[in-house]
Amino acid sequence: MKKALGETALGFQHVLAMYAGAVLVPLIVGEALGLTPEQLTYLVAIDILLCGVATILQIVSNRFFGIGLPVVLGCTFTAVGPMIAIGGQYGISAIYGAILVSGVFVVLISGFFGSLVRFFPPVVTGTVVTIIGITLIPVAINNMGGGQGASDFGSLANIGLAFGTLLFIVIMYRFSTGFLRAISILLGLIVGTVAAAFLGKVDVSPIADASYFHMVEPFYFGTPTFEWPAILTMILVAMVSLVESTGVYFALGDITKKKLKEKDLAKGYRAEGLAIVLGGIFNSFPYTAFSQNVGLIQMSGVKSRKIILITGIMLITLGFVPKIAAVTTIIPPSVLGGAMIAMFGMVIAQGIKMLSTIITDSQENSMIIACSVGIGLGVTVVPELFVQLPSSVQILTSNGIVAGSVTAIVLNILFNMLPSKKRQRATAPVVKESAMNQG
């Protein structure tokens, strides 16, 4: 009994470590798309449930899928900006059509993705992550003011709650360590919501209206629609997420002393692809390995897959209870905005961290980053720039994230993958000298 309680506590600790990241994605996307409280509650609930399903798909290894490591999956923040952009341009049905296709794409390429990774080195993935983080900041700023179109937008109460929440998160991050630091965002949201309640800015009716149990419903938001720009965007997001997950797999392989083979990686990618497909069917999100739980495993020293299985079961159970999901939907936009600054800022910081190791390697890498970020941010700010181009070309230019990503991929091939005359000239004297010595 004591052992079971201990395992349950360890499993719940993993839930807490990933919970803020898991629920913030549906809250941010749902708020941006103008969903009703009832729809938002469903979105949060189904997301939590499928986080559990996706996690179990990875840890229960078989011949077809599952990497068999203590990995926790959650919705990727990389997809937030693209999903908001797709929803704003084509509607919510196009989001799920794109997610479905990207999931099938990941399943199909899982066997040979290892050979495609060379097209996504740190200079490309770091640039993509940086662009995504930058394009998300306006969403955070709008929420800090109370939400776009709010009657009290920019009021002292909203600004005070936003910066108060952000300040609390910063203080927690500065003066706490370990697990408390890991859940600083979650604690900031709780404290900010309590403060907002005293100001009369919290409406608890969504909790009262939510049921205690519901069944999941395929295509809750309607039949998916398929738009090429949206599909291409989500495929790029999926590829970047796979690269990030690969790093998590190797980190966990090192922690658990398991040597990963190519077939293990393929099964891990396939499990993620299946999770993304389920996200498309049940109107949730793309899923990826969560690095914060890797830190928790390293900190606690508990590497058992059984603990992560308990985490997955807990998430599924929580997902069947809309009443719990509704609790997260009462967070005021200004409080959410304060937390978003920290979360989205961390996305940018992660991108910069990925770039910092390679930006000084060569001037070519600097040029790749400069052009890609410039194009990505420019198209985001001025989306009408390429409206005169043919629609087939606009697939690559209508979205800042796609435009920046494609620029990074093409320039990386041009500068770092094609044969270089400069390198040939550098090696020529060596060849000549070698021939003379032989003579």
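Residues numbered from 1 in each chain as written. Predicted model: local features only at pLDDT ≥ 70, side-chain atom pairs only at ≥ 80, totals over all residues. Heavy atoms only, no water.

The name recorded for the protein in an unreviewed UniProt entry is Nucleobase:cation symporter-2 family protein, from Planococcus notacanthi. Of the protein, the UniProt comment under Sequence similarities (unreviewed entry) reads exactly: "Belongs to the nucleobase:cation symporter-2 (NCS2) (TC 2.A.40) family." Comment text from UniProt for the protein, heading Subcellular location (unreviewed entry), reads "Cell membrane". (UniProt positions renumbered as here; feature names shortened; annotations may be inferred.)

Peer 1: Lay out the overall build of the protein with the relevant residues and their values.
Peer 2: Secondary structure summary: the protein contains 20 helices and two strands in total. Computed over its C-alpha atoms, the radius of gyration of the protein comes to 23 Å, within 12% of the 22 Å expected for a compact globule of 439 residues. Across its three principal axes, the protein shows a C-alpha extent of roughly 90 × 60 × 45 Å. The buried share of the protein, reckoned over its 439 residues, is 51%. Long-range pairs, those at least 24 residues apart, make up 83% of the contacts in the protein with a sequence separation of at least 6. When the accessible surface of the protein is split by element, carbon and sulfur atoms take 68% of a total near 19,700 Å². The centroid of the 24 positive side-chain charges in the protein is displaced by 16 Å from the centroid of its 18 negative side-chain charges. (Helix = DSSP H or I, 4+ residues; strand = E, 2+ residues; numbered from the N terminus. Rg over C-alpha atoms; globule rule 2.2 N^0.38 Å. Buried < 20%, exposed > 50% of the residue type's maximum accessible area, 1.4 Å probe, protein only. Contact = heavy atoms within 4.5 Å. Areas by Shrake-Rupley, 256 points an atom, 1.4 Å probe, with all protein chains shown as cover. Lys, Arg positive; Asp, Glu negative; His and termini not counted. Charge placed at Lys NZ, Arg CZ, Asp CG, Glu CD.)

Peer 1: Describe the pattern of salt bridges, and please don't skip the residues or the numbers.
Peer 2: Evaluated as defined, the whole model comprises one salt bridge. Between Asp152 and Lys201 there is a salt bridge whose closest N-O contact spans 2.7 Å. Of this pair, Asp152 sits in the loop between helix 6 (122-144) and helix 7 (156-175) while Lys201 sits in the loop between helix 9 (184-198) and helix 10 (205-209), and the two are 49 residues apart along the sequence. Lys201 sits in the partly exposed class, given a relative accessible area of 26%. (Salt bridge = Lys/Arg side-chain N within 4 Å of Asp/Glu carboxyl O.)

Peer 1: Which residues make up the packing of helix 4 (residues 92-109) against helix 12 (residues 262-281), and what values go with them?
Peer 2: Contact pair helix 4 / helix 12: the axes reach a minimum separation of 7 Å and the direction vectors enclose 160°. It follows from the interaxial angle that helix 4 and helix 12 lie roughly antiparallel. Note on packing geometry: the crossing formed by helix 4 with helix 12 is left-handed. Taking contact as the criterion, the partners of Tyr96, Ile99, Leu100, Ser102, Gly103, Val104, Val106 and Val107 in helix 4 are, on helix 12, Tyr269, Arg270, Gly273, Leu274, Ile276, Val277, Gly279, Gly280 and Ile281. Residue classes in the contact of helix 4 with helix 12 are distributed as eleven nonpolar, five polar and one charged. (Axes fitted to C-alpha atoms, helices over the stretch in contact; angles between N-to-C directions. Parallel < 35°, antiparallel > 145°, perpendicular 65-115°, else oblique. Left-handed = near helix turned anticlockwise from the far one by under 90°. Nonpolar A, V, L, I, M, F, W, Y, C, P; charged D, E, K, R; others polar.)

Peer 1: Account for the packing of aromatic side chains, naming residues and giving values.
Peer 2: According to the stated counting rule, one finds eight aromatic pairs in the structure shown. A ring pair is formed by Phe213 and Phe320, whose centres lie 5.7 Å apart and whose planes are at 20°; its orientation type is stacked. Residue Phe213 is located in the loop between helix 10 and helix 11 (228-256), and its partner Phe320 is located in the loop between helix 14 (305-319) and helix 15 (322-329); the two are separated by 107 residues in the primary sequence. Judged by relative accessible area, Phe320 falls into the partly exposed class, the value being 23%. (Phe/Tyr/Trp six-rings, centres within 6.5 Å; stacked < 30°, edge-to-face > 60°.)

Peer 1: Can you break down a nonpolar patch on the surface residue by residue, with the values?
Peer 2: On the surface, a nonpolar cluster with roughly 350 Å² of combined accessible area is contributed by Leu377, Val381, Val382 and Leu385. Note that Val382 resides in the loop between helix 17 (363-381) and helix 18 (391-397). The partly exposed category is assigned to Val382, whose relative accessible area is 37%. (Patch = residues over 30% accessible without salt bridge, like charges linked within 9 Å, V, L, I, M, F, W, Y side chains within 5 Å.)

Peer 1: Give me the nonpolar core: which residues, what numbers.
Peer 2: Grouped together as the largest cluster of nonpolar side chains are 118 residues, with contacts concentrated most on Ile28, Phe77, Met83, Ile185 and Phe344. No other element matches the 15 residues that helix 11 contributes to this core. Ile185 has contacts with Ala20, Leu24, Ile169, Ala339, Ala342 and Met343, leaving out every residue within four places of it along the chain. (Core = buried A, V, L, I, M, F, W, Y, C linked by side-chain atoms within 4.5 Å.)

Peer 1: I'd love a proper account of empty space enclosed by the protein, names of residues and values included.
Peer 2: One pass over the structure, following the stated rule, counts two cavities of 30 Å³ or more. If you add up the space inside the second largest cavity, you get close to 30 Å³. Lining the second largest cavity are Val29, Leu33, Leu35, Leu43, Ile92, Ile95, Tyr96 and Phe285. The biggest single contributor to the lining of the second largest cavity is helix 4, with three residues. Of the residues belonging to the lining of the second largest cavity, the class tally is eight nonpolar, no polar and no charged. (1 Å grid on protein atoms, 1.4 Å probe; cavity = no way out; pocket = protein on both sides within 12 Å on 5 of 7 lines; lining within 4 Å. Points joined across faces, edges and corners; volume = space filled by probe spheres on them.)

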